[in-house]
Amino acid sequence: MIGQREMKLDDYWAILRRRMWVILVPAILGPIVAVAITFFLHEQYKSTTLVLVEDQKVPDSIAHSVVTDDLNVRLSSMQEQILSRTRLQPIIEKFGLFKGDVNKLPMEDLVDRLRTAIEVTPVRAMSGTRPGGLPGFYINVTLDNARTAQQVCAEITSMFTAQNLKDREANAQGTTSFIQSRLDEAQKDLNDKDAKLATFKAQHIGQLPTETDQNINILNGLNTQLDGVNQAISRAQTEKALFNSMLTQALATASSSQSKGGDPDVLQKQMDDLRNQLAVAQSKYTDDHPDVKSLKVRIADLQKKIDSGETATADKPQDNPASATTASSAAADKPGDKPEKSTKPALPETPQVQQLRQQIFLADQTIKAKSKEQAEVLQKIHTYEARIQMTPAVEEQYKVLSRDYNTSVENYNDLLKKLNDAQMSKGLESRQLGETFDVMDPANLPERPSFPNRWIFAGGGLAAGLALGFGMALIFEMGDKAIRTDRDVEALLGLRTLAMVPVVGEESGSAASASRTVKLKKRPKPQQQPVGA
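### Considering a nonpolar patch on the surface
On the surface, Met20, Trp21, Leu24, Val25, Ile28, Leu29, Ile32, Val33, Ile37, Leu41 and Phe451 cluster together to form a nonpolar patch covering roughly 1000 Å² of accessible area. Residue classification places Leu41 among the partly exposed positions, given a relative accessible area of 33%.

### So, the packing of helix α4 (residues 85–95) against helix α5 (residues 107–117)
The axes of two packed helices give the description: the angle between them and the distance between them. In contact at an axis separation of 10 Å, α4 and α5 are set at 90° when each is read in the N-to-C sense. With respect to their mutual orientation, α4 and α5 come out roughly perpendicular. From α4, Arg85, Leu88, Gln89, Ile91 and Ile92 reach across to α5, where they touch Met107, Glu108, Leu110, Val111, Leu114 and Arg115.

### What about the pairing of strand β1 (residues 45–54)?
Taken together, the eight bridges between β1 and strand β3 (residues 136–143) define a ladder with antiparallel strand orientation. Bridge pairing in β3 links Leu50 to Tyr138. One ladder, built from five bridges, connects β1 with strand β4 (residues 436–441); its direction is antiparallel. Counterpart to Leu50 in the pairing with β4 is Asp441.

### Some details on the nonpolar core
In this structure, Ile91, Leu97, Leu114, Leu143, Val152, Ile156 and Phe160 are the most contacted members of the largest nonpolar core, which totals 33 residues. If you list the elements that add at least two residues to this core, you get β1, α3 (71–82), α4, α5, β2 (118–122), β3 and α6 (146–203). Here the element with the most residues in this core is α6; it accounts for six residues. Apart from residues lying up to four places away in sequence, Ile156 is in contact with Ile82, Leu88, Ile91, Ile118 and Ile139. Leu247, Ala250, Ala281 and Tyr285 belong to the second largest nonpolar core, which has 19 residues in total.

### Structural notes on the environment of Lys426
Relative to the assigned elements, Lys426 resides in helix α11 (residues 351–430). Each C-alpha atom, one on Lys426 and one on Ala170, is 9.0 Å from the other, the two residues being 256 residues apart in sequence. Beyond its immediate stretch of four places on either side in the chain, Lys426 contacts Ala172, Gln173 and Thr176.

### With respect to the packing of aromatic side chains
A complete count under the given rule lists three aromatic pairs for this structure. Relative to Phe437, the ring of Phe137 lies with its centre 5.3 Å away and its plane at 75°, an arrangement referred to as edge-to-face. With Phe137 in strand β3 and Phe437 in strand β4, the pair connects residues that are 300 residues apart, well separated along the chain. Note on accessibility: Phe137 and Phe437 belong to one class, buried. Site record: aromatic cluster; members linked through ring pairs are Phe137, Phe160 and Phe437.

### A word on empty space enclosed by the protein
Applying the stated criterion across every chain yields a total of two cavities of 30 Å³ or more. Counted as a void, the largest cavity has a volume near 60 Å³. Every element with two or more residues in the lining of the largest cavity is listed here: α9 (290–308) and α11. The residue makeup of the lining of the largest cavity, split by class, is four nonpolar, four polar and two charged.

### Topic: the side chain of Asn164
Tracing the sequence through the fold places Asn164 in helix α6. If sequence neighbours within four positions are ignored, Asn164 has contacts with Arg74, Met78, Glu435, Thr436 and Phe437.

### Details of the pattern of salt bridges
Opposite charge on two side chains lets them pair, provided their charged atoms get close. Tallied over the entire structure, the rule returns eleven salt bridges. In this structure, the salt-bridge partner of Arg85 is Glu108, at a minimum N-O distance of 2.8 Å. Linking Arg85 in helix α4 with Glu108 in helix α5, this pair joins segments that are 23 residues apart in sequence. By relative accessible area, which is 39% here, Glu108 ends up partly exposed. Asp364 is paired through a salt bridge with Lys240; the nearest N and O atoms lie 2.6 Å apart. One end of the pair, Asp364, is in helix α11; the other, Lys240, is in helix α7 (residues 212–260), with 124 residues separating them in the sequence. The class of Lys240 is partly exposed, set by a relative accessible area of 21%.

Cut-offs and rules
Residues numbered from 1 in each chain as written. Predicted model: local features only at pLDDT ≥ 70, side-chain atom pairs only at ≥ 80, totals over all residues. Heavy atoms only, no water. Patch = residues over 30% accessible without salt bridge, like charges linked within 9 Å, V, L, I, M, F, W, Y side chains within 5 Å. Areas by Shrake-Rupley, 256 points an atom, 1.4 Å probe, with all protein chains shown as cover. Salt bridge = Lys/Arg side-chain N within 4 Å of Asp/Glu carboxyl O. Buried < 20%, exposed > 50% of the residue type's maximum accessible area, 1.4 Å probe, protein only. Axes fitted to C-alpha atoms, helices over the stretch in contact; angles between N-to-C directions. Helix = DSSP H or I, 4+ residues; strand = E, 2+ residues; numbered from the N terminus. Parallel < 35°, antiparallel > 145°, perpendicular 65-115°, else oblique. Contact = heavy atoms within 4.5 Å. Pairing = 2+ DSSP bridges. Core = buried A, V, L, I, M, F, W, Y, C linked by side-chain atoms within 4.5 Å. Phe/Tyr/Trp six-rings, centres within 6.5 Å; stacked < 30°, edge-to-face > 60°. 1 Å grid on protein atoms, 1.4 Å probe; cavity = no way out; pocket = protein on both sides within 12 Å on 5 of 7 lines; lining within 4 Å. Points joined across faces, edges and corners; volume = space filled by probe spheres on them. Nonpolar A, V, L, I, M, F, W, Y, C, P; charged D, E, K, R; others polar.

Note that every value here comes from positions in space, so none of it alone points to a role or purpose.
Next comes the structure, spelled out in structure tokens:
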């Protein structure tokens, strides 16, 4: 009566009791049939190995690895390379896999079958480890022969470890070669920039911005030197003029003394001239200067002559005839003047006149030397002034060349540092001190097949038998029209049950007390008459 009314727990329990054998028979036969099927299936053996990822053995603070790819990505790439046809076909031929199907199936199908039999599973990382870290991975190979599965698993594992070393060494070598080529280009560029800068410095020596302060200091020193030279020339010219005046007066005094004798007016005039010369000399020199002392001695001698009334007498001529000159020769000291011819006899020169002539000669030599030095200093001043004026224009070009040169130097130094790091990383990989794959558990020899698992098949058969039994019980109940309870009567007739008639018979026990099962066809519900009809 399923579907005629709402079912309760008691109803389901009653159905279970009625259909017990319908459910139990498939549930018992299911596992038996499933286990029996396993004896007709090919056994498969799974060999497993564990590969751990060993971190770099040298601290990163000492040597950095150039291989920075994520390990999961590299492992996926290695898996695709190792499971390719070019790598799996030699394994099939080496170990003689799938002998029964070699002549029946193409090699592509056999490679796909072996690829399906190989499984790479990453090890689950523990919480708290570095992000993206992969502690290791499992390699599982499932084949129909235990020994062959072990050998193939070991072969695949060795291929993974060798491929990892090869990839890391190739990566380090490629990085080193690339940086080396860039470093060679940077060195060539640096040499070109260095040559250009050196040529520019040689062409503009003394005009560079770095030499501006030095040029200014030298120019200031030259200006100071020029002032000193100018003062020396002016002082020599003043001395020469003073000595010429003194010589003229001395010659005039000697000539007057010879012609007129000791005229007091003449002596007084000489005294005035000497005092004037002394005043001029004292304004320029100190009292210890030889010229000042000489003038004071002459003034004192002349004063004695004036006081004693003696006449001036000519001094004796000097032994050296080269020092004797005429009074007219004094006038020939000036350039361009020609000495006047005189029929007068040459006057003997006094030591004072000779000393004056010597001092005039020294003054001329000083003027010539200082004038030459003045010209040299002026030439140097013009040179350094021109350098300073050219500095702004040269500075712009120098800045461009210096900036390019400094950029090349920084680029070269940066590449040199990177090359050193890459070479250290290459050394790590060649010595296997970088990240490596270590086989923790070698490929095992399976002792029992991994497929088919009879316990799993038995469980599956049991589940299938139970499902089949319950399905059959449901079908039987759907087709059962028996009325067993008052609720079945109410659901079928639509009327309330007033009483149940017990079964009267010779049965004893529960069967005697149970109500008789009555199979009736469903009757339609009576129509109610309206009130007042």
